[in-house]
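# Geometric and topological summary
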Amino acid sequence: MIPAAFDYEVAESADHAIALLAEHGDDAKLLAGGHSLIPMMRYRLATPSVLVDVGRLDGLRYIRTGNGTVSIGALTRHSELEHSAELAGACPMLASVAALVGDPAVRHRGTLGGTLAHADPASDLPAAVLALGGTIVAQGPGGSREIAAADFFTGYFESVLAADEMITEVRVPAGGGGWNYQKFNRRAQDWAIVGVAVAGGGSGVSLVNMGSTPIRASGVEAAVAGGASAAEAAAVAADGLEPPDDLNADAEYRGHLARVLTERALNAAGVA
Amino acid sequence: MTVTEEAPGHVGSRRLRKEDPALLTGEAKFIDDLALPGAIWVGVVRSTEAHAHIVGIDGSAALAIDGVNEVLSGEDLAPLWGEGALPCAWPVTPDMKSPAHLPVARGTAKYVGDAVAVVLADSRYAAADGAAAVVVDYEPLPAVVEIEDAVADGAPLVHADLDSNECYTWGLWGDNAPAIDAAFAEAAHVVSERYLQQRLIPAPMEPRGCAAVPSPAGGELTLYSATQIPHILKVMTAVVLGIGENKLRVVAPSVGGGFGCKLNVYAEEILCSALAMQRGAPVRWTEGRAEAAVSTIQGRGQVQHIELAADADGKVTAVRVKLLADMGAYLQLVTPGVPLLGGFLYHGCYDIPNYMFECTSVFTNRTPTDAYRGAGRPEATYAVERAMDSLAVSVGVSPEEIRARNFIGADAFPYESAAGLIFDSGDYQAVLDKAVALADVDGRRAEQAQRRASGSSKRIGVGFSSYVEMCGLAPSRVLASLDYGAGGWEAATVRISPTCKVQVVTGSTPHGQGHETCWSMIVADQLGVDPDDVEVLHSDTAVSPTGLDTYGSRSLAVGGTAVYMATEKVIDKARAIAAHQLEASEDDLEFSGGVFRVRGTPDAEVPLAGIAFAAFTAHDLPDGMEPNLEAHVTYDPPNFTFPNGTHIAVVEVDTDTGNVDLVDYVAVDDCGVQINPLVVEGQVHGGILQGAAQALYEDAVYNSDGQLVSANLADYLVPSAAEAPRFRLDSHATPSPTNPMGVKGVGEAGTIAAAPAVINAVVDALRDLGVTDVDMPASPQTVWKAIADAQGGAS
C-alpha cells in the first residue's frame, strides 16, 4: 500500500498542465481528485513517475447554462454537481447521478473531468454523460477539440484522449424529457455492479459495468423509438454484450440485472 | 440517625467515554505514530504461491534501491531463532500435529502471504520498494485449498513431514453414544443440515505493527506492538527467543481494534525483537492493508454437519455435530482451540439431554485461522439456530414456538448442560417474548402474507436467533482440562494517593472497548469519588506486570471483578483505619458516599480523603498496619458467565435482483448487570453489524490455486454505517451469581447472534418459493441463483 516513488508538479493553468504533459510524456499522469489514481498507485497498478496536479485550477470549476446547453468545467467536484441548484434545474439527471458516486469523501474530491478521463466502465458519471449525448472538450498543444461522448471511450480505462491532452469542459443538453438512473451495488460506497442511465425519455440509454466501456444501449433506444413497451425494450438490454465476470456477478447474472434495471429505469423515465 | 444523601451511582449511567477525546482529536498514539529515530524498517517479502519450494532469492535489484541495506532469507535469519518456532499455546489433544512454524520460511512456502524473506531499510518507503524488488524463484507444488479436499484420498500434503493433513480430532460425547443413537432411532423428526462457515478477514481499523527498541544501557528490550495481549506476548517472546523475561517489556500503545486477530504472537513481533537485539538498534514494521489480508490470521473456516432428533411435539432429544475446521497452513497461538470454544454450545439455549460433538481440524495451504470475534460460538449458534428453524418447519410450528418448547427454563438455573457446563442464570423465554413484541412479529407476518398474496417481488422475511454463549474466560482448572497453555485469572491493583486520587492498574488490555471509562465508574461508586479522579493504567508490562489480557468477552467478568475486589480490599483497610480514628468497632462503621460513619452516632464520621492522608503520613495507624492504601487481587473465576439473548432480523428480499435489505433489527440481550449502557450498546451495534457482515457481505474468497482474490477492501466487503440496519435494542438482565457485580460480558454477543438471524430471515422470505438454504454471504447473486434453483432453473 506504499506507492512507487514519483515526482510532483503543480500546474498553474491548463496550458501549463499540457506543457508539463508534453515535457514528461507517457510517464506523466494528471492528478485531479485522485480518488481513482492514488489507490491504483498504492497497489502499484499505476506507477507514473510524474504527477501533474491540476486540482488547483479553480478556473475550471463552473456550471454554466445557456443556449440549451449546460457547460461544466472539468475540475468541478461531484459534490458541486450534486448540490448545484443550477444543475438541478437544467440537468437534474447529472446532479442525481453525481450524488450516487462513492461516498461523501470521494464526492468532495472527485472531479467530472477526472472520472471521464479515467474511463472506468464501472463509473456512474461517464455513463450518464453518454446517455445524455454529451460532448467532451479536450485541450492539447494544438488547441481544443470537441469529442462526442459516444466516440470518447475506447476500452478498459482507455479513451481517445492523447497523452498530452486534458479535458477542460463537459457539455450536456439542458432539459430534455424523462430520465432515471438505476445503480445496483452492495455497499453504498461501491461501484455499480450494473447501472442503467436513461435520458431524454428513453432516447438515450447507457449501461454501466456491462463491458469494457460505458455502453450505449442502442438496441433498447431503437426499441423505445419504435414504440416498444419498457419490458419489451429492456429484454434486449444485454443482447450482444460480453459483461465481466467477478466476485459480485457472473456474466449471466449481469445480463439479468441489465434487463431488470433497464425496465425499471425506463418505467421511471416515463416509458410505459 | 443522620440522614445523608447518597451520591448518585455512576454504574448503570450512560457516561461518555473518557477515551474518546484523544481518539477523536488524533492525540492518541498508535504504533505507527511512534517516533524512533534511527530505526531499521522491515519489509516482508511474502509468498505469491500457495505451496512452493523456494529455489532462490535474488535481492540484487532490491539492494540497488537507495535506502535498502539488506535482503535476508529464512536461511540467513535461522540463527536468530534456530529451530524455535512461533508458539501454539493450545495443544488440544496429546497427538495433535503441530508443524514447526518459523517466522520466516525456509525451503518451502506454504500459503500466499507466508514470509519468505525480509528487507532491512532506512524508511518504510524504501522497505516497501525493496520488498517489491526481491525476486523469488518458486517451484510450485500442489496446493490444498478447500477444507474437504484436505481430507480427500490422495490429497497433497501441506506438511510433507506429517503423514496427513489432519491436525487433530477432538470429541465430546463420553459414554453417551448409545443414548444418542437411540434418540435418533426413536425420533419423530430428524433434521440433518450442512452449513458452510466462510473464512473472514478481521480487518480492524488499525492493521498490525510492531517496534522493538533495545535499551541503550544494554541487555533490555522494549517491544511495542499493536496487540491485544502484551502480557502473553511478553512470556512467549521471552521463551521463543530465550530472553530473560525480566529483560523484556511489552507495551501496547493505543490499539485500533483487534476482534481477536491481535490475540496472537506473530512472526513480525519475533523477527523485530530478534533483529533489534542482534543489531542494537530499533527495528520496526507496519503492516499494510493488503498485506494484512494474507499475513494476519483469518476467522471461521468450517464445514458443519448438524443433526437434531426431536419427538412429535418438536422437543429436541439429541444433537449430533461433526465439524471440519480449517487451521490454515500453520497453528497460531490458539488456532486449534477455536472450534472447541463452540464445541460446548451446539445445543444452544435448549434443554437437550443427549449431546455429541466431534471436530476434525485440517491443514490447508491458506493463511492460518485463529480467534475472530466470537471464536467458535458464532459458528455454533449459526448451526443450531438454522437447524431449529428447519425443525420448526418439519414440526409445523413457528420459529418462536419451536424455541419456546425447547428453552432451558428460567427455574432450571444453575443448569448443567449435556456438554458439561453449568449455566449461571437466564430467562430465555422472557427475553424472546420481549423481542417478539419489540419487533412486531405479528405485524411483519401480516405484511409478509399480504406481499406474497399480491405477487410482490419485494418479499418480507422474519428471522430469529436465540443464543447463549460462554464468556468470562475462565476458571484456570477448566482451561487445564482443555489443555490450554495458561490460566484464566485476571489481576488488578487499586491505590489511593494522599490527596484521594485513585489509580487502578488492570491486567486487561483495552483496544477500543472502554475499560478506562467502565473501571472508573465501578471504582467511583465503590469509593464515593468522581470517575474523573480515577486513573486506569494498562497495556504496559512495566506498569501492569501481571495480567492475562483482553479477549473472549472476559474483561469485565474477570478483570472488572478483580478491580472490584481490589477496591473492596482497599475499603477494608480504610475501614480499619477509620475505626482506629473514630475509636469504634469496624462492625459499627458504615461506608457510603466516600464517608465512614459510626452507626447511631451522628457526628462520628471521617471521609475517605482523611483516611487516605492518614495512611500516607502513617503517623497514627493501628499497630502493625503497613502505611498507604493499596491492594492487589488476582481473581480466578469459579465459572464462565453465560450471556444470552434473542435477536430478530427483518429483511426485504427483491426476488428480481436477489438483493437483501436489512430493514429492521431487534436485539434483546441479557449480558447481566450493565456498567455503562452506552458502552454496551456500542458493543452490540458493532457486533451485530459484524455478524450481519458474515451473513450478507464478507467472504475471503480463494481461487483453486490458493490465491486470495478478495484481498482488498473494494473486493472484501466490510459494511459501513450506510449498510447498518435500524438497531432497536432492549435488555433483560439476570445478574450472574458467579461474580459480585452480577456481570456477564457483551463484546461478542452481537456477532454471535446476528448471522443466523439474518439468514433465517432471508430463508423465511423465500421459503414459499421453495428456498430452504442460502449460503453465506447471501449476496444478491447467491440469493437470485438460490431462487432460480428452487424454481427449477434460471429465470
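Note that residues are indexed from 1 along each chain, following the sequence as it is written. Working convention: letters from A go to chains and numbers from 1 go to ligands, in the order in which they are written. Note on the predicted model: pLDDT of at least 70 is required for a residue's local features to be given, and 80 or more for side-chain atom pairs to be given and counted; whole-chain, interface and lining totals, by contrast, use all residues. Heavy atoms from the whole structure form the basis of all side-chain values; hydrogens and water molecules are not counted.

## Some thoughts on the side chain of Glu-169 of chain A
Residue and element names in this part refer to chain A. Convention followed: Secondary structure is summarised from DSSP: a helix means a run of H or I of at least four residues, a strand means a run of E of at least two, and numbering begins at the N terminus for each. Here the term buried applies to any residue with accessible area under 20% of the maximum for its type, exposed to any over 50%, and partly exposed to those in between, with areas from a 1.4 Å probe on protein chains only. As used in this structure description, the phrase polar contact means that two N or O atoms lie within 3.5 Å; if the pair is within protein, one of them must be able to donate a hydrogen and the other to accept it, and residues adjacent in sequence are counted only when both atoms belong to side chains. By definition in these notes, contact holds between two residues if any of their heavy atoms fall within 4.5 Å.
Structurally, the position occupied by Glu-169 is in strand S10 (residues 166–173). Judged by relative accessible area, which is 11%, Glu-169 ranks as buried. A distance of 2.6 Å separates a polar atom in the side chain of Glu-169 from a polar atom in the side chain of Arg-171. Excluding its chain neighbours within four sequence positions, the residues that come into contact with Glu-169 are Tyr-62, Ser-71, Ile-72, Ala-74, Thr-135, Ile-136 and Val-137.

## Observations concerning the domain arrangement of chain A
All names here are of chain A. Threshold: An automatic or database domain assignment supplies the start and end points of every domain. By buried area we mean the combined loss of accessible area, with a 1.4 Å probe, across both parts when two parts are placed together. Any Lys or Arg side-chain nitrogen found within 4 Å of a carboxyl oxygen on Asp or Glu counts as a salt bridge.
Under the domain assignment used here, chain A contains domain 1 (7–53), domain 2 (58–173) and domain 3 (180–268). The straight-line distance from the C-alpha centre of domain 1 to that of domain 2 is 19 Å. Contact residues are listed per partner, giving 13 residues for domain 1 and 17 residues for domain 2. Summing both partners gives a buried area of about 1,100 Å² for domain 1 against domain 2, and 73% of it is carried by carbon and sulfur. Of all residues in domain 1, the largest losses of buried area upon contact with domain 2 belong to Ile-18, Ala-32 and His-35, amounting jointly to 42% of the total for that side. Taken together, the links from domain 1 to domain 2 amount to 0 salt bridges. The tally of links between domain 1 and domain 2 comes to 1 residue pair in polar contact (both at pLDDT 80 or more).

## Observations concerning helix H20 (residues 749–766) of chain B
Note the cut-off: Multiply 1.5 Å by the residue count of a helix minus one, and that product is the helix's expected span.
Between its terminal C-alpha atoms H20 of chain B stretches 27 Å, which fits the 26 Å expected from 18 residues at 1.5 Å a residue. Most of H20 of chain B is tucked away: 18 of the 18 residues are buried.

## Some thoughts on the sheet that holds strand S14 (residues 215–216) of chain A
Residue and element names in this part refer to chain A. Note the cut-off: In short, DSSP must find at least two bridges between two strands for them to pair. Convention adopted: a line fitted to C-alpha atoms gives each axis, helices being fitted over their contacting stretch, and angles between N-to-C directions are expressed from 0 to 180 degrees.
Pairing within the open sheet is antiparallel, and its 4 strands lie in the order S11-S12-S13-S14. The sheet is open, and its two edges are formed by strand S11 (180–184) and S14, each paired on a single side. In this structure, S11 lies alongside strand S12 (residues 194–199), joined through 5 bridges in antiparallel fashion. Paired with Lys-183 across the two strands is Gly-195, which belongs to S12. The sheet strands contacting helix H8 (residues 124–131) are S11, S12, strand S13 (204–208) and S14, and the helix crosses S13 at an angle near 160°.

## Looking at helix H12 (residues 251–268) of chain A
For H12 of chain A, which comprises 18 residues, the first-to-last C-alpha distance of 25 Å matches the rise-based estimate of 26 Å (1.5 Å per residue) to within 8%. Within H12 of chain A, the full set of buried residues consists of Tyr-253, Arg-254, Gly-255, His-256, Leu-257, Ala-258, Val-260, Leu-261, Thr-262, Ala-265 and Leu-266 of chain A. Of the surrounding elements, those touching the buried residues of H12 of chain A are S11, S12, S13, helix H10 (218–225) and helix H11 (230–234) of chain A together with helix H21 (780–790) of chain B. Of the residues flanking the end of H12 of chain A, it is Gly-270 of chain A, one or two places downstream, whose phi is positive at about 100°.

## A short note on the domain arrangement of chain B
Residue and element names in this part refer to chain B. Which entries qualify depends on this criterion: Amino acids are sorted into nonpolar (Ala, Val, Leu, Ile, Met, Phe, Trp, Tyr, Cys and Pro), charged (Asp, Glu, Lys and Arg) and polar (every other residue, Gly among them).
Taken domain by domain, chain B consists of domain 1 (20–27 + 489–635), domain 2 (34–141 + 205–257 + 262–295) and domain 3 (299–473 + 639–792). If you average the C-alpha positions of domain 1 and of domain 2, the two centres end up 40 Å apart. With 16 residues of domain 1 at the contact, the number on the domain 2 side is 15 residues. Both faces combined, the contact of domain 1 with domain 2 buries some 1,200 Å², and carbon together with sulfur accounts for 55% of it. One can count 1 salt bridge joining domain 1 with domain 2. In this structure, Asp-540 and Arg-249 form a salt bridge, with 2.7 Å as the shortest nitrogen-oxygen distance. In this structure, the connection of domain 1 to domain 2 is made through 10 residue pairs in polar contact (both at pLDDT 80 or more). In the side of domain 1 that touches domain 2, the residues fall into 4 nonpolar, 10 polar and 2 charged.

## Thoughts on the interface of chain B and chain A
Tallying the contact residues gives 36 residues for chain B and 24 residues for chain A. Approximately 2,300 Å² of surface area, both sides summed, lies buried where chain B meets chain A, with 57% of it carried by carbon and sulfur atoms. On the surface where chain B and chain A come into contact, there are 5 salt bridges. Put simply, Asp-654 of chain B and Arg-264 of chain A hold a salt bridge, and the shortest N to O gap is 2.8 Å. Contributing elements (two or more residues each) for the side of chain B that touches chain A: helix H4 (124–133), helix H9 (289–295) and H21 of chain B. Among the elements that line the side of chain B that touches chain A, the one with the most residues is H4 of chain B, at 5 residues.

## Re the sheet that holds strand S14 (residues 316–328) of chain B
Residue and element names in this part refer to chain B. If you trace the 5 strands from one edge of the open sheet to the other, you get S7-S15-S14-S13-S8, paired in mixed fashion. Edge strands, defined here as strands with exactly one partner in the open sheet, are strand S7 (166–172) and strand S8 (189–200). Here the average twist between neighbouring strands, direction ignored, is 10°. Sheet topology places S8 next to strand S13 (residues 299–310); 11 bridges connect them, and they run antiparallel. Opposite Glu-193, over in S13, you have Ile-306 as the bridge partner. Along the sheet, helix H6 (residues 177–186) contacts S8, S13, S14 and strand S15 (354–363); its crossing angle with S14, the most-contacted strand, is approximately 115°.

## Thoughts on the pattern of salt bridges
In a structure, side chains of opposite charge can pair up when their charged atoms sit close to one another. Applying the stated rule across the entire model yields 58 salt bridges over all chains. For the salt bridge of Arg-61 of chain A with Asp-58 of chain A, the shortest nitrogen-to-oxygen distance reads 3.3 Å. The class of Arg-61 of chain A is partly exposed, set by a relative accessible area of 31%. The partner of Asp-664 of chain B in a salt bridge is Arg-444 of chain B, and the shortest N-O contact between them spans 3.9 Å. Of this pair, Asp-664 of chain B sits in strand S27 (residues 660–670) while Arg-444 of chain B is found in helix H14 (residues 441–454), placing the two residues 220 residues apart along the sequence. Arg-444 of chain B carries the same exposure label as Asp-664 of chain B, and that label is buried. When salt bridges with common partners are traced through the structure, they connect Arg-444, Glu-447, Arg-451, Glu-652, Asp-664, Arg-726 and Arg-728 of chain B into a single cluster.

## Some remarks on the environment of Gly-299 of chain B
Residue and element names in this part refer to chain B. Counting through the fold element by element, Gly-299 comes out in strand S13. When its relative accessible area of 0% is taken as the criterion, Gly-299 is described as buried. Residues Gly-299 and Tyr-372, spaced 73 residues apart in sequence, show a C-alpha to C-alpha distance of 4.9 Å. Apart from the residues lying within four places of it in its own chain, the contact partners of Gly-299 are Gln-198, Arg-199, Leu-200, Asp-370 and Tyr-372.

## Remarks on the packing of aromatic side chains
All names here are of chain B. To keep things clear, this is the line we draw: Each Phe, Tyr or Trp ring, with Trp reduced to its six-membered ring, pairs with another whose centre is within 6.5 Å; inter-plane angles below 30 degrees give stacked pairs, above 60 give edge-to-face pairs, and intermediate values give tilted ones. A ring is scored as having a charge over it whenever the NZ atom of a lysine or the CZ atom of an arginine sits within 6 Å of its centre and within 35 degrees of its normal.
All chains considered together, the criterion is met by 16 aromatic pairs over all chains. With 6.4 Å between their ring centres and 70° between their planes, Tyr-111 and Tyr-330 make a pair best called edge-to-face. With a gap of 219 residues between them, Tyr-111 in the loop between strand S4 (108–109) and strand S5 (115–121) and Tyr-330 in the loop between S14 and helix H10 (338–343) connect regions that are remote in the sequence. Residue Tyr-111 is classed as buried on the basis of its relative accessible area of 6%. Consider the rings of Phe-591 and Phe-596, whose centres lie 4.3 Å apart with planes at 25°: the pair is stacked. Assigned by exposure class, Phe-591 and Phe-596 land together as buried. Taken together, the aromatic side chains of Trp-170, Phe-344, Tyr-346 and Phe-357 make up a single cluster linked through ring pairs. We note Arg-208 situated over the ring of Tyr-266; from NZ or CZ to the ring centre the distance is 3.6 Å. Here the basic side chain of Arg-320 rests over the ring of Phe-184, its NZ or CZ set 4.0 Å away from the ring centre.

## Re the pairing of strand S10 (residues 221–225) of chain B
It is a general feature of regular strands that their side chains alternate between the two faces of the sheet. Residue and element names in this part refer to chain B. A large share of S10 lies buried, amounting to 4 of its 5 residues. As defined by bridge partners, strand S9 (residues 209–214) adjoins S10 across 5 bridges and the pair is classed as antiparallel. Bridge pairing in S10 places Val-213 opposite Thr-222. When S10 meets strand S11 (residues 248–251), the two strands line up parallel, connected through 4 bridges.

## Regarding the confidence of the model for chain B
All names here are of chain B. As a reminder, the rule being used: pLDDT measures how confident the predictor is about each residue, on a scale from 0 to 100.
Within chain B, residue pLDDT values average 96, and 98% of them lie at 70 or more. Here residues 1–7 is a poorly scored stretch, pLDDT under 50, and it has 3 contacts once near neighbours within four places are set aside; other chains count. For this predicted complex, the interface score ipTM comes out at 0.97, alongside a pTM of 0.97.

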